[in-house]
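Read off the chains here:
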Amino acid sequence: MLAIPLLPFVPDFWVTLLDFVGLASLVALGLVLLTGVGGMTSFGQAAFVGFGAYASALLTTAYGWSPWMTLPVSLAVTIAAALLIGLVTVRLSGHYLPLGTIAWGISFYYLFGNLKALGAYDGISSVPPLSLFGYDLLDSRAFYFIVWGFVLLSILLTANLLDSRVGRSIRALRSGAAAAESVGVNVWRAKLTVFVYAAVLAGLSGWLYAHFQRAVTPGVFNLSAGIEYLLMAVLGGAGHIYGAILGAGIVVVSKNFLQDLLPVFFGHTGNYEGIVFGVILIAMLQGAREGIWPLIAARVARGEARAVDPAGTLTGRGFDAKDETLLSVRSVRKEFGGLVAVDDVSFDVGRAEIVGLIGPNGAGKSTTFNLVTGVLPLSGGEIHFAGERIDRLGPEKIAERRIARTFQHVKLAPAMSVLENVAIGAHLRGSAGLVAGMLKLDRAEERDIFGEAARQIERVGLADVMHRPAGTLALGQQRLAEIARALCVDPRLLLLDEPAAGLRHMEKQALADLIRGLREEGMSVLLVEHDMDFVMRLTDHIVVLNFGARIATGAPAAIQSDPAVIEAYLGSPA
Ligand SMILES: Nc1ncnc2c1ncn2[C@@H]1O[C@H](COP(=O)(O)OP(=O)(O)OP(=O)(O)O)[C@@H](O)[C@H]1O
């Protein structure tokens, strides 16, 4: 493909079209990360292309800067704009986020169009071309190498990023924030990171565009351009790097032909391609959300399973013998509107102790878990951990204190392998940042993280399925994968929400042995489980809830014969 412009029989027209495909690919690549991987839909990416383009056009025409010198400035302007917009936008949830992107997608078009310094709606013309070794890159053939050089570099850095600690935390976002937060990922920061990264790629495209077209006008960066970029990512395959290139190719080339064909068909001029693209976007969202690339990728050879270096390992931080009472839940209360889900509940979990939290459906067990792990704020009471009050901390701060959990409704990223899902658990035990990930400077740390993840996967008995996508596992196995992920946090306290559900008899026994082994090491476990036999055999101590209130606490044998407990479970006095 690199040789295309060197082939004399390829017309200039096609080379120019491919240049535009390259420019669009950069923006679509950012959207693949933002929307496909990170789960944040943006209609406003064209505005960031505008920031990159206008910054360079202004500096080169009004202040005489050389185009290459404006590249860092263009990217810095885009980063600053993305940080400001991102700070207010990425916190929006659900449909409000895409609506927010539409809002600024429209407003920046008017801003660019109304600023006199930017030439208002006429824009800026006579932008100088890029030059290389004293040679001006005036024609599309020469420009081709620059734009596709940047595309290839961006693909490489993005692929590296996705396969890194920061990348995994971004990939985990799509299946909801709860799991990522529970292992210490700062979800807001991960979202802002991917937002800025996508904007930088758009800004780079804008910088290139300004020096290729030699003119910038606001119309190129309006909302409909933003919709086209989104269409490219969705059409190609929003979760796949090469989907961006494919989608950009299809949209740019078909737009060119539709612009010529459709007016002939309709009998007069107009931007009819917008209608066609709108219909395609809706059809894709209805019937083929994954886009075209996965259909192609399924036909070519599957990627190699990731090799795990057995020498890689992370050192555990051990258990402090001085914390006899590790967790202390004191008169905790949680109200949802008028409903009191947890009512004045108190209990302790000692060091190296397995405590069962049981009760009929709706008793408040999962809510209690969510209070301890910072997912829900308390309505009253206090929670202390290792002598520190923790009930005002968010989930990722709780994870930093080495409290890890599993979920009643499994929260794994289904498309990621079991190994990668579990590796997310070691997020706080690594430190490699965005740049280290992009440049692959994190290999030693990655080796240790994956070594540790593999060790925990073997421990829960999932070694055979380590490389399979987590979503293809049976539900019981997915629960075990969540335990492995939680163990990667190196917890002092492990909260297990119905870990035995969906497991066969032998698997339950293996799980019980594993939990006992953890206790031997010094770990404390708080367990919600409906399988009474499992709970009675395993726990040192049981807390029973009913309608949000604690109705009994004690050793398993005492609980089994407690009349209040029997009544709560059977619905009549013993
Ligand atoms: N986010 C919420 N908003 C409103 N009510 C809630 C919320 N979460 C839980 N509840 C209610 O609080 C009560 C306790 O629910 P919780 O899920 O903690 O019970 P549980 O003991 O875990 O039950 P199960 O064994 O069925 O999972 C229930 O009545 C439930 O409907």
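Residues numbered from 1 in each chain as written. Predicted model: local features only at pLDDT ≥ 70, side-chain atom pairs only at ≥ 80, totals over all residues. Heavy atoms only, no water.

Where an unreviewed UniProt entry is consulted, the protein appears under the name Branched-chain amino acid ABC transporter ATP-binding protein/permease, with the organism given as Nitratireductor mangrovi. Per UniProt, the comment on the protein under Sequence similarities (unreviewed entry) is "Belongs to the ABC transporter superfamily." Of the comments in the UniProt record for the protein, the one headed Subcellular location (unreviewed entry) reads "Cell membrane". (UniProt positions renumbered as here; feature names shortened; annotations may be inferred.)

1. Looking at the sheet that holds strand β8 (residues 403-405)
Strand order across the open sheet formed by six strands is β8-β9-β10-β5-β11-β12, with mixed pairing between neighbours. The sheet is open, and its two edges are formed by β8 and β12 (549-554), each paired on a single side. The mean inter-strand angle of the sheet, taken between neighbouring strand axes irrespective of direction, is 15 degrees. As defined by bridge partners, strand β11 (residues 541-546) adjoins β12 across five bridges and the pair is classed as antiparallel. When the bridges of β12 are listed, Ile542 appears paired with Gly554. (Pairing = 2+ DSSP bridges. Helix = DSSP H or I, 4+ residues; strand = E, 2+ residues; numbered from the N terminus. Axes fitted to C-alpha atoms, helices over the stretch in contact; angles between N-to-C directions.)

2. Regarding the site of the ligand
Around the ligand, 13 residues are found, and the nearest of them are Gly362, Lys365, Ser366, Thr367 and Gln408. In the model, an oxygen atom of the ligand is placed 2.9 Å from a nitrogen or oxygen of the Gly364 main chain. Between the ligand and Lys365, the relevant distance is 2.8 Å, taken from an oxygen atom to a side-chain nitrogen or oxygen of the residue. The element that contributes the greatest number of residues to the shell around the ligand is helix α13 (residues 365-372), accounting for three residues. (Near = heavy atom within 4 Å. Polar contact = N/O pair within 3.5 Å; in protein donor to acceptor, adjacent residues only side chain to side chain.)

3. Observations regarding unusual backbone geometry
The bulk of non-glycine residues show a negative phi, and the bulk of peptide bonds are trans. One non-glycine residue with positive phi stands out, namely Arg402, at about 70 degrees. Relative to the helices and strands, Arg402 resides in the loop between α14 (395-400) and β8. On the accessibility criterion, Arg402 (8% relative accessible area) is buried. (Buried < 20%, exposed > 50% of the residue type's maximum accessible area, 1.4 Å probe, protein only.)

4. Things to note about helix α1 (residues 12-37)
For α1, with 26 residues, the first-to-last C-alpha span of 35 Å sits near the 38 Å given by 1.5 Å per residue. Along α1, the sharpest change in direction is near 30 degrees and occurs at Leu31. Once α1 finishes, Gly39 follows within two positions and takes phi at roughly 75 degrees, a positive value. (Expected span 1.5 Å × (residues − 1). Bend = angle between axes of the 7 residues up to and from the residue.)

5. Section: the pairing of β11
Within β11, five of the six residues are buried, which leaves the element mostly enclosed by the surrounding structure. Pairing of strand β5 (residues 354-358) with β11, which is carried by four bridges, proceeds in the parallel orientation. Bridged to Val355 within β11 is His541. Connecting β11 to the antiparallel partner β12 that follows it, the hairpin turn spans two residues, and Phe547 within it adopts a positive phi of roughly 50 degrees.

6. Focus: the pattern of salt bridges
As enumerated under the stated definition, the model contains 23 salt bridges in all. Note that Asp343 and Arg333 form a salt bridge whose closest N and O atoms lie 2.9 Å from each other. Remark: Arg333 occurs in strand β3 (residues 325-336) and Asp343 occurs in strand β4 (residues 339-350); sequence separation between them is ten residues. Of the charged contacts in the structure, one is a salt bridge between Asp513 and Arg516, with a shortest N-O distance of 3.1 Å. With Asp513 and Arg516 both in helix α19 (residues 505-521) and three residues apart, this pair spans about one turn of that helix. Of the residues examined, Arg516 reaches a relative accessible area of 27% and is grouped as partly exposed. By sharing partners, the salt bridges in this structure join Arg333, Glu335 and Asp343 into a single network. (Salt bridge = Lys/Arg side-chain N within 4 Å of Asp/Glu carboxyl O.)

7. Digging into the packing of aromatic side chains
The full count for this structure, using the stated rule, is 23 aromatic pairs. For the pair Phe150 and Trp207, a centre-to-centre distance of 6.1 Å together with 80 degrees between the ring planes defines the contact as edge-to-face. Taken together, the residues Phe150 in helix α5 (residues 140-162) and Trp207 in helix α8 (residues 187-213) connect sequence positions 57 residues apart. Relative accessible area serves as the criterion here: at 0%, Trp207 is assigned to the buried category. (Phe/Tyr/Trp six-rings, centres within 6.5 Å; stacked < 30°, edge-to-face > 60°.)

8. Some words on the environment of Leu314
Here Leu314 shows up in the loop between α12 (293-297) and β3. Residue class for Leu314 comes out buried when judged on its relative accessible area of 13%. Expressed as a C-alpha distance, the spacing of Leu314 and Asp448, which sit 134 residues apart in the sequence, is 5.7 Å. With residues near it in sequence (within four places) discarded, Leu314 still touches Ala426, Arg429, Asp448, Ile449 and Glu452. (Contact = heavy atoms within 4.5 Å.)

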